[in-house]
Amino acid sequence: MKHRARLAAAAAGVIVLAAGCASTDSTEESVTLQVFAAASLQEPFEELGEQFEAQHEGVEVQFNLAGSSTLVEQIRQGAPADVFASADTSTMDTLVDAGLHSADPVDFTSNTLMIAVPAGNPAEVSDLSSLTADNLNLVVCAPQVPCGAATATVQEAAGLELAPVSEEQSVTDVLHKITSGEADAGLVYVTDVLRAGDSVEGIAFPEAASAVNRYPITTVKDAENAELGQEFVDLVRGESGQAVLEEYGFTAP
């Protein structure tokens, strides 16, 4: 009887050990896909991330959302990225010139600038030229950020010299200054005005047509999850991805 009891206890131990190993293996099989994306892509990409996770059991999509130039610098410094989506082609060119892409970048959507003002438009902004008014607190993106480069293009096209009180590192920072009442106006993307809802008003201006931002996407060189990264790129470029982007105000590339 004692011998049988020892055998039973040993068998139970083997079962527990096997269960523990199975649990460990399951944990080891989980994968995190690192997607570095321009801040203006936050809402549509988070929705597409949920779709991707639903289609890939054990995969979590983690987003790093910031100004495109900031993201490229992080990748150059060794940050682990599988996918990079930029808000303009020139910033993507910086990644390509550094040899940090694993596939040719492809344009997947586009966006244009719009003037954003707080609800009620207290400063009575009407067009691009009104942004040069004295005592107007204007906020724009920094020149090295895609929305800042677009701002420089439109003011040159209009023959204007804007004098912003601050230059932000991402379009979402500009939008925050407006929604918080720290700025009278700002230049953001059409999509940012839409997502801000009733807290801001958008004012279109014809010079925006001179600076349409095309968004390219690629997988990153030596990515840990290269195949999954390409599948995410395919989702973004596919029918489902394009429908989600259109829903948030983005247009065809």
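You'll find the structure just up there.
This report concerns the structure included in the present document. This one's a predicted model, so the numbers in the text were calculated from it and none came from an experiment.

Parameters and conventions
- Residues numbered from 1 in each chain as written.
- Predicted model: local features only at pLDDT ≥ 70, side-chain atom pairs only at ≥ 80, totals over all residues.
- Heavy atoms only, no water.
- Helix = DSSP H or I, 4+ residues; strand = E, 2+ residues; numbered from the N terminus.
- Buried < 20%, exposed > 50% of the residue type's maximum accessible area, 1.4 Å probe, protein only.
- Contact = heavy atoms within 4.5 Å.
- Areas by Shrake-Rupley, 256 points an atom, 1.4 Å probe, with all protein chains shown as cover.
- Disulfide = S-S within 2.5 Å.
- Phe/Tyr/Trp six-rings, centres within 6.5 Å; stacked < 30°, edge-to-face > 60°.
- Patch = residues over 30% accessible without salt bridge, like charges linked within 9 Å, V, L, I, M, F, W, Y side chains within 5 Å.
- Salt bridge = Lys/Arg side-chain N within 4 Å of Asp/Glu carboxyl O.
- Lys, Arg positive; Asp, Glu negative; His and termini not counted.
- Charge placed at Lys NZ, Arg CZ, Asp CG, Glu CD.
- Core = buried A, V, L, I, M, F, W, Y, C linked by side-chain atoms within 4.5 Å.
- Pairing = 2+ DSSP bridges.
- Axes fitted to C-alpha atoms, helices over the stretch in contact; angles between N-to-C directions.

### Concerning the overall build of the chain
Scanning the chain from N- to C-terminus turns up 9 helices and 10 strands. Across the 253 residues of the chain, 42% fall into the buried class. Taking all contacts inside the chain whose residues are at least 6 apart in sequence as the whole, residues at least 24 apart take part in 79%. With an accessible surface of roughly 12,500 Å², the chain has 48% of that area assigned to carbon and sulfur atoms.

### As for the state of the cysteines
Applying the stated criterion to the full structure yields 1 disulfide. Shown here is the disulfide that connects Cys 141 with Cys 147, its sulfur atoms set 1.7 Å apart. Across the S-S bond linking Cys 141 and Cys 147, the dihedral sits near -95 degrees, which makes this disulfide left-handed. Residue Cys 141 shares its accessibility class with Cys 147, and that shared class is buried.

### Looking at the environment of Thr 112
Within the element layout of this structure, Thr 112 appears in the loop between strand 4 (106–111) and strand 5 (113–118). For Thr 112, a relative accessible area of 25% puts it in the partly exposed group. With 100 residues separating them in the primary sequence, Thr 112 and Val 212 have C-alpha atoms 5.0 Å apart. The residues touching Thr 112, leaving out its near neighbours within four places in the chain, are Val 188, Tyr 189, Val 190, Ala 208 and Val 212.

### Description of the packing of aromatic side chains
For the coordinates displayed, the defined rule picks out 8 aromatic pairs. With a centroid separation of 6.0 Å and an interplanar angle of 35 degrees, the aromatic rings of Phe 45 and Phe 108 are classed as tilted. Placement of Phe 45 in helix 2 (residues 42–55) and of Phe 108 in strand 4 is noted, with a sequence separation of 63 residues between them. Across this residue pair, the class does not change: Phe 45 and Phe 108 are buried. Between Phe 108 and Tyr 215 the ring centres are 6.2 Å apart and the planes differ by 80 degrees, which places this aromatic pair in the edge-to-face class. Residue Phe 108 is located in strand 4, and its partner Tyr 215 is located in strand 10 (residues 213–219); the two are separated by 107 residues in the primary sequence. With respect to burial, Phe 108 and Tyr 215 carry one shared label: buried. The structure contains a cluster of three or more aromatic residues connected by ring pairs, namely Phe 45, Phe 52, Phe 63, Phe 108, Tyr 189, Tyr 215, Phe 232 and Phe 250.

### With respect to a negative patch on the surface
A surface patch of negative charge is lined by Glu 46, Glu 50, Glu 53 and Glu 60. Here the negative patch gets 3 residues from one element, more than from any other, and that element is helix 2. Tracing the sequence through the fold places Glu 60 in strand 2 (residues 59–66). Given a relative accessible area of 41%, Glu 60 falls into the partly exposed group.

### So, the side chain of Ser 170
Along the chain, Ser 170 turns up in the loop between strand 7 (166–168) and helix 6 (171–179). In this structure Ser 170 comes out as buried when scored by relative accessible area, which is 7%. Sequence-distant contacts of Ser 170, that is, excluding residues within four places in its chain, are made with Ala 39, Gly 67, Cys 141 and Val 145.

### Focus on the nonpolar core
By size, the foremost hydrophobic cluster in this structure holds 59 residues, and its most contacted members are Leu 41, Phe 45, Phe 108, Ile 115, Leu 131 and Phe 232. What Phe 232 contacts, discounting residues up to four positions off in sequence, is Leu 33, Val 35, Phe 45, Leu 48, Gly 49, Phe 52, Val 61, Phe 63 and Val 83.

### A few points about the pattern of salt bridges
Any two side chains of opposite charge can pair, on the condition that their charged atoms come close. Within the structure shown, the criterion is met by 4 salt bridges. Across the pair Lys 177 and Glu 182 runs a salt bridge, and its minimum N-O distance is 3.5 Å. Its salt-bridge partner being Asp 192, residue Arg 195 comes within 3.1 Å of it at the nearest N-O pair. A residue pair is termed a helical-turn pair when its members lie 3 or 4 positions apart in one helix, as Arg 195 and Asp 192 do in helix 7 (residues 190–196) at 3 residues. Relative accessible area serves as the criterion here: at 26%, Arg 195 is assigned to the partly exposed category.

### Quick word on the sheet that holds strand 2
A sheet is described by the order of its strands in space; here 5 strands give the open sequence 2-1-3-10-4, paired in mixed fashion. Each edge of the open sheet is held by one strand with a lone partner, namely strand 2 and strand 4. Adjacent strand axes in the sheet meet at a mean angle of 20 degrees, parallel and antiparallel pairs treated alike. Judged from the 3 bridges that link them, strand 1 (residues 31–38) and strand 3 (residues 83–85) form a sheet pairing that is parallel.

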